[in-house]
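The lines below spell out each chain.
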Amino acid sequence: MRLPERDRPWVMRTYAGHSTATKSNELYRGNLAKGQTGLSIAFDLPTQTGYDPDHELARGEVGKVGVSIAHKADMHALLDGIPLDEMNTSMTINATAAWLLALYMTVAEENGVGRAALQGTTQNDIIKEFLSRGTYAFPPEPSMRLIADTIAFTVEEVPRWNPVNICSYHLQEAGATPPQEIAYALSTAIAVLDGVRDRVPEETFPRVFGRISFFVNAGIRFVEEHAKLRAMGGLWEELGRERYGVEDPKFLRLRYGVQVNSLGLTEAQPENNIIRIVLEALAVTMGRDARARAVQLPAWNEALGLPRPWDQQWSLRIQQILAHETDLLDYPDIFEGSVVMEGLADELVDAARAEMAVVAEHGGAVAAVGYMKTQLVESHRTRMGRIERGEQKVIGQNVFTEHEPSPLQEGEDGGILTVDPAVEQGQIEALASWRSSRDDAAVDAALTALGEAAADPGVNLMPLTLAAARAGATTGEWAGALRAVFGEYRAPTGVADAAAAVSDYALDELRDRVERVSEALGRRIKILVGKPGLDGHSNGAEQIAVRARDAGMDVVYEGIRLTPARIAATAVQEGVHVVGLSILSGSHAQLIPTVLDELRDAGVDVPVVVGGIIPPADERALLAAGVARVYTPKDFQVSKIMGDIVDLVAERYGAGTPA
Amino acid sequence: MTSEGRDLGARLRSRDLAAAPAALNLIEDRSPGARDEAARLLAEVSPAALGGEAPAHLVGVTGPPGAGKSSLLSVLVKEWRDAGRTVAVLAVDPSSRRSGGSLLGDRARIDHDPRDRGVLIRSTAAGGRLGGLAAPTRQAAQALAAAYEVVVIETVGVGQSETDVEEVCDTVAVVVQPGSGDTLQFIKAGIMEVPDVLVVTKADLGEAAARARRDLDAALRSLGSHEVPVVAVSSVPPPQGIEELVSALEGHRSALDLPLRRLRSRRMMALGELVAEHGDSALRGLGGRRAAERRLTREDPAADVAALVRALRAEAGVE
């Protein structure tokens, strides 16, 4: 009934980092002092997508959603005073994972810590970047090669490192159902493993299989979510045995870390989120047979803006109370023999298997990116529709909305952290001084060698990446050398193939209005949906694009990572009536005014609406700058947003009175 | 009297590319006032006003979904721009029958420098004509042909759209990917016209692309079409076959009796517009399609489409 000895708790982390390396280092030391047992580094978007702070696309994004790391000195500052031989560090880094790992290794090396002692994880899962998160840098094929290179390298050289953390987390954030989450993550694992199979000796392969770990999500339906993890564990073991001939049980065990759901966290009555987070944490810790190895929890105020140290501390305390105060760790698996739990897991296994077969028919995860993306857009649309219609209850948002004002938001800071916009300029200057202090010839030589090796798929790029890191190359230079060989890429948006919506009363009414206003305009209402900046969280923009199409508008949607100049050029060339912009990275205060300026310079005088995680003070500033409407997560009714947009267009062009 | 249409048309004629977006807005505008203005605009860029045929090379790029048209256009646009030629692309997207709305996503896949004023990409919905070209798209191509050096119409699909594109363009390139036997079958069965240039994409797929190219060559020879160039291209870096494709397109254009093709195009468009507005009964009033075509040969070769439609209407007694 009880374990002979209480279990050791999972690794406790908090996804953290912002502004500069020095500031983030302070934050990490603080977190460790509060009892955190591992590090989870959040990088800013330029670092994640391989641009230096002075690049056009980095504008407004430097230090926003994470820390800016441009070269090895930044990494030194980030890890200052942290014992790397004892630390377990998780890095949320994908397209540039090989590079950041090289910087981490270089810092360890220069601090006298051998690579064999390093423990941690690079996320390094590019397929979910194409599907939902958007921080890719290169086309699929060379991206998969970089992943294979890091695995083949670390399995020998950094044996305690998890080179890849395959993410189902972001799939759920993008709307995946539990079977989709399992199926797409495991299909991704297959693509990764197949890619690495001929890059390592046969006898090493079981160890490679054993080094693959997962990063999962857990939503509020926590019983089913727990079943999902049990299902995933079973399928993983089966995959190891049957597809790859792995026999050692130690290598066959599903190892996963987790960050629980952010998608379900609300802006309305945000204090309720802490309860959601606790329940979701239970999903990944309840049953011993499917318990997470590492847990990080979001903060209660994620839908409002960036969390402050106190907010993150509150979430860390959840983990500590679960692990140290409750009796959770006293028992063997509490669901063993549970008919309900096993039944649920079996159901998910069957559904996930069926979906994996579809992905395989498409030629595997890489070839099926377009298919999977479309499925996710569909699932997300279904979910949002259910919430809009009240079929899926979200307390405080679409039901029980009467409430008292929250004392949590009364402080001067409005209950969130704001990154000082001066950080960007500081980083740009620091980068310039770094460039002027290093040995340029050595950097050039290292980058040239890297570029040449990139052209030969048979070469492992890790050693050359390490050489570039040591020589003092920058993040943008490393990625630039590879972009020159690999080319650039735009991921499928998934919206064009999203099925037309089934008519309902609200949609029919909206279509009538679009029809009437279009008639009066002489042309069908044409809307540009744009995502400026580096933020790749495109779910919101995609839902707006699909709904606008369903409402009868002509929708121009070009996907993520657009420069303000491109948005303006598109608006002109396409002759749109209205522009909708979406930003979730907190860079709206810099980027939106730039887009407005570019539009003005291009002679485009159309209403601009903005959606994103935008605090009230910023909302006022944007409205004052000329934005017509600002939407935040509390505006969950997409049809209402659509109605607004139609009214705006009608009003601006005097196209009849909206009914 | 100032006229927005006349003004925009004159600006296009003097190759003021900044006038193009507004011209396209006007052409797409179906309100009665705008249609009059659009007619004035089109008159300004008619052969009569230009003193000859519009100088642009009108290129149709068509093929099944996923064949790689957008990637191909990325490298083609770059090639043309590097050669100093201005380029306009009309990307025709299918629209939803149910809502009438459409998701215009093609421009996302055509790489281009947004600050380059010499490139215009305009997405248009196919409108009612699924797979075909709506009248505004044809008119847009005519208008842009006065200002740009290359005007591309990109459409999805084979069959009707390909025929429509052929009516409007000087040169039609059909794009297929290796292993797409459908196109071969369509050509053999006569469902699809023989294109002016056949492009096999994804030449980086090596043997598959080479085989596709051989099969298409053989099929075309068996149909007696020895002249049709089959070009294999790859858009992934480093791009291959692009120069060859550009010269194949050029070669077709220079071997063409351009005035004749454009004249035929205007006549087809006039017939199309007549039927779109007045239905088949208008054709019957003229004694059938062939009689109507004969009737058009009596009109001035420099007359624009609107004038041809007026002549047909008068003859058929419809207003």
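In this report, the structure presented in the accompanying data block is examined. (Residues numbered from 1 in each chain as written. Chains lettered and ligands numbered in written order. Predicted model: local features only at pLDDT ≥ 70, side-chain atom pairs only at ≥ 80, totals over all residues. Heavy atoms only, no water.)

1. A few points about the interface of chain A and chain B
Working step 1: On the chain B side, the residues contacting the 37 residues of chain A number 27 residues.
Working step 2: Surface buried jointly by chain A and chain B totals about 2,500 Å² across both partners, of which 50% is contributed by carbon and sulfur atoms.
Working step 3: Across the pair Glu 598 of chain A and Arg 115 of chain B runs a salt bridge whose closest N-O atoms are separated by 3.2 Å.
Working step 4: Counting every contact that joins chain A to chain B gives 18 residue pairs in polar contact (both at pLDDT 80 or more).
Working step 5: Sorting the residues of the side of chain A that touches chain B by element identifies α19 (475–486), α20 (505–521), α21 (539–550), β12 (554–557) and α22 (564–574) of chain A as the ones contributing at least two each.
Working step 6: Considering only residue class, the side of chain A that touches chain B consists of 16 nonpolar, seven polar and 14 charged. (Contact = heavy atoms within 4.5 Å. Buried area = accessible area lost by both parts, 1.4 Å probe. Salt bridge = Lys/Arg side-chain N within 4 Å of Asp/Glu carboxyl O. Polar contact = N/O pair within 3.5 Å; in protein donor to acceptor, adjacent residues only side chain to side chain. Helix = DSSP H or I, 4+ residues; strand = E, 2+ residues; numbered from the N terminus. Nonpolar A, V, L, I, M, F, W, Y, C, P; charged D, E, K, R; others polar.)

2. Describing the pairing of strand β4 (residues 88–92) of chain A
Residue and element names in this part refer to chain A.
Working step 1: Of all five residues making up β4, five are buried, and the element is well covered by its neighbours.
Working step 2: Residues Asn 88, Ser 90 and Thr 92 line one face of β4 and the alternating positions Thr 89 and Met 91 line the opposite face, and both faces are buried.
Working step 3: Here strand β3 (residues 39–42) pairs with β4 via four bridges, running parallel. What sits directly across from Ile 41, in β4, is Met 91.
Working step 4: Where β4 and strand β5 (residues 119–122) come together, four bridges link them in parallel fashion. Residue Ser 90 lies in a different strand from β5, and its bridge partner there is Thr 121. (Buried < 20%, exposed > 50% of the residue type's maximum accessible area, 1.4 Å probe, protein only. Pairing = 2+ DSSP bridges.)

3. Topic: empty space enclosed by the protein
Residue and element names in this part refer to chain A.
Working step 1: According to the stated counting rule, one finds three cavities of 30 Å³ or more in the structure shown.
Working step 2: Reported here for the largest cavity is a volume of approximately 60 Å³.
Working step 3: When residues of the lining of the largest cavity are traced back to their parent elements, those giving at least two are α4 (97–110) and α6 (140–157).
Working step 4: Among the elements that take part in the lining of the largest cavity, α6 stands out by supplying three residues, more than any other.
Working step 5: When the residues that make up the lining of the largest cavity are grouped by side-chain class, the tally is seven nonpolar, three polar and no charged. (1 Å grid on protein atoms, 1.4 Å probe; cavity = no way out; pocket = protein on both sides within 12 Å on 5 of 7 lines; lining within 4 Å. Points joined across faces, edges and corners; volume = space filled by probe spheres on them.)

The quantities given are spatial measurements derived from coordinates; they are silent on function.
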